[in-house]
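# Secondary and tertiary structure notes
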Amino acid sequence: MNEIDIIIKALKIEAERKPNERIYIIGFKSYTYKEFINMLDNYEKLNNDEKQFVDKFLEESVRLFKENKAFREKILSMV
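Residues numbered from 1 in each chain as written. Predicted model: local features only at pLDDT ≥ 70, side-chain atom pairs only at ≥ 80, totals over all residues. Heavy atoms only, no water.

### Considerations on the packing of aromatic side chains
In plain terms, the rule: Any pair of Phe, Tyr and Trp rings, taking the six-membered ring for Trp, is counted once the centres come within 6.5 Å. Such a pair is stacked with planes under 30 degrees apart, edge-to-face with planes over 60 apart, and tilted for the rest. Think of it this way: any DSSP run of H or I at least four residues long counts as a helix, any run of E at least two long counts as a strand, and we number them from the N terminus. To sort residues, take the accessible area from a 1.4 Å probe on protein chains only and compare it with the maximum for the residue type: under 20% means buried, over 50% means exposed, and anything in between is partly exposed.
By the definition in use, this model includes four aromatic pairs. Aromatic pair phenylalanine 36 and phenylalanine 53: ring centres 5.9 Å apart, planes at 85°, arrangement edge-to-face. Of this pair, phenylalanine 36 sits in helix α2 (residues 33-41) while phenylalanine 53 sits in helix α3 (residues 48-67), placing them 17 residues apart in sequence. Looking at phenylalanine 53, the relative accessible area reads 15%, which means it is buried. Aromatic pair phenylalanine 36 and phenylalanine 57: ring centres 5.1 Å apart, planes at 70°, arrangement edge-to-face. Of this pair, phenylalanine 36 sits in helix α2 while phenylalanine 57 sits in helix α3, placing them 21 residues apart in sequence. For the pair shown, phenylalanine 36 and phenylalanine 57 are each scored as buried. Feature note: the residues Tyr31, Phe36, Phe53 and Phe57 constitute an aromatic cluster, connected by ring pairs.

This is the structure in C-alpha cells:
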C-alpha cells in the first residue's frame, strides 16, 4: 500500500468516526469528513476547482506523511 492509499484509508476511517466534523477550510468553504470522502469517491464528477483542491490536499498530506514523524505515526495508528 503506498502513501496516498494509506492516507485515504485513514481519512475514510476518520469519516466513519466523525462524519460531521468540519475540516479542510478553503477560503470561506469547509467540508466535513463525510463530504470530503464523497468528493474522493466521486472524483470524476467534480469540477476543476474541486479536483484541484482534492489533489493539493492529498499532495500536502503525502508530503507531511513523508516528512513529519508525528503525522505519519498518527495516520499509521488509524490504519
